[in-house]
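Observations on chain architecture
Listed below are the residues making up each chain.
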Amino acid sequence: MQITPNSVVSLNYTMFNAEGNIIDQNHDPIVYLHGGYDNILPAVEAALDGKSVGDKVSVTLTPEEGFGEFDAQYVRQEDVGLFPPDIEVGMMFETRDPETEETMQFRVTAIDAGVVTVDANHPLAGMTIRFDAEVLEIREASDEEIVHGHVHGEHGHQH
C-alpha cells in the first residue's frame, strides 16, 4: 500500500539542525492522517506522498516551511511578581489577549534580577531543519477519522 490522501501513516523520525546535530526524535512511532489535515508539516507530507512501508525520506525545511521565522515581538520581559513563586526556566504559560481572545503560549527563557523573559516563538523558529523519516505502517483511515480530521486509537486521538 502506498501513502495517499486519507491514509493513516505511522513513522519514526529524527530532526537535525543545520550543523547536523539531532534536535528531536520520536520515542514511539508518530501516527497521522495524510491528505492536507495539517497533522504534519506540509513539506514533509508532500515528501511522504506515494511512499510505501520501509521507504525513507529526508526533507530540508527552511524556517518558512518548518516552524516559522524568529519574531522578536514575541519576546517579552515581565515582572517576576506576575508569575507563581516556583517559576523556572522552561516553564510554559498560556495567555489570552482580552481584545482578540487569541491565546498564545509563552516559554520562560530567563529569570534575572526580578525580570522574567518569556518567548512565544516556537523553540525551533528561525532554524533550517532536516527531517528524516521512515514509514512503518500504512492503513486506510476510517470514515470517522476522515470526518474528524485525525487518527483515532493507539497513538492517535481518544474521544
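For the structure given in this document, a descriptive report is provided here.

1. Focus: the sheet that holds strand β5 (residues 75–79)
Taken in spatial order, the 4 strands of this open sheet run β5-β8-β7-β6, and their pairing is antiparallel. Strands at the two margins of the open sheet, each flanked by one partner only, are β5 and β6 (92–96). For this sheet, the mean angle separating the axes of adjacent strands, direction not counted, is 40°. Note that β6 and strand β7 (residues 103–112) share 5 bridges and pair antiparallel. Pairing of Thr-95 across the sheet is with Met-104, part of β7.

2. A short note on the nonpolar core
Counting 19 residues, the largest nonpolar core has Leu-11, Val-44, Leu-48 and Phe-131 as the members making the most contacts within it. Of all the elements in the fold, those that place two or more residues in this core are β1 (7–16), α1 (42–48), β4 (56–61) and β9 (129–140). Excluding its chain neighbours within four sequence positions, the residues that come into contact with Phe-131 are Tyr-13, Thr-14, Met-15, Val-44, Val-57, Ser-58, Val-59 and Leu-61. If you look at the next biggest cluster of nonpolar residues, it comprises 7 residues, including Ile-87, Val-108, Val-116 and Ala-120.

3. Notes on the packing of aromatic side chains
As enumerated under the stated definition, the model contains 2 aromatic pairs in all. With a centroid separation of 5.2 Å and an interplanar angle of 10°, the aromatic rings of Tyr-13 and Phe-131 are classed as stacked. Remark: Phe-131 occurs in strand β9 and Tyr-13 occurs in strand β1; sequence separation between them is 118 residues. Both residues of the pair, Tyr-13 and Phe-131, count as buried. Between Phe-83 and Phe-93, the aromatic rings sit 5.3 Å apart at their centres with planes inclined by 70°, giving edge-to-face as the arrangement.

4. Regarding unusual backbone geometry
Leaving glycine out, the prevailing phi sign among residues is negative, and the prevailing peptide bond configuration is trans. Within the chain, Glu-101 stands out as a residue other than glycine whose phi angle is a positive 65°. Secondary-structure assignment places Glu-101 in the loop between β6 and β7. Under the relative-accessibility criterion, Glu-101 is labelled partly exposed at 49%. One non-glycine residue with positive phi stands out, namely Ala-113, at about 50°.

5. What about the side chain of His-152?
Its location among the elements puts His-152 in the segment after α2 (143–148). The exposure class assigned to His-152 is buried, which follows from its relative accessible area of 14%. A distance of 3.2 Å separates the side chain of His-152 from the side chain of His-150, its partner in a polar contact.

6. Observations concerning the environment of Met-91
One can find Met-91 in the loop between β5 and β6. By relative accessible area, which is 28% here, Met-91 ends up partly exposed. Separated by 31 residues in sequence, Met-91 and His-122 place their C-alpha atoms 14 Å apart. Among residues more than four places away in sequence, those in contact with Met-91 are Asp-86, Phe-106, Arg-107 and Val-108.

7. A few points about the side chain of Asn-17
Of note, Asn-17 is situated in the loop between β1 and β2 (22–25). Side-chain polar atoms of Asn-17 contact the backbone nitrogen of Glu-19, separated by 3.0 Å. Setting aside residues no more than four positions away along its own chain, Asn-17 makes contact with Ile-23, Met-127 and Thr-128.

Rules of the game
Residues numbered from 1 in each chain as written. Predicted model: local features only at pLDDT ≥ 70, side-chain atom pairs only at ≥ 80, totals over all residues. Heavy atoms only, no water. Pairing = 2+ DSSP bridges. Helix = DSSP H or I, 4+ residues; strand = E, 2+ residues; numbered from the N terminus. Axes fitted to C-alpha atoms, helices over the stretch in contact; angles between N-to-C directions. Core = buried A, V, L, I, M, F, W, Y, C linked by side-chain atoms within 4.5 Å. Buried < 20%, exposed > 50% of the residue type's maximum accessible area, 1.4 Å probe, protein only. Contact = heavy atoms within 4.5 Å. Phe/Tyr/Trp six-rings, centres within 6.5 Å; stacked < 30°, edge-to-face > 60°. Polar contact = N/O pair within 3.5 Å; in protein donor to acceptor, adjacent residues only side chain to side chain.

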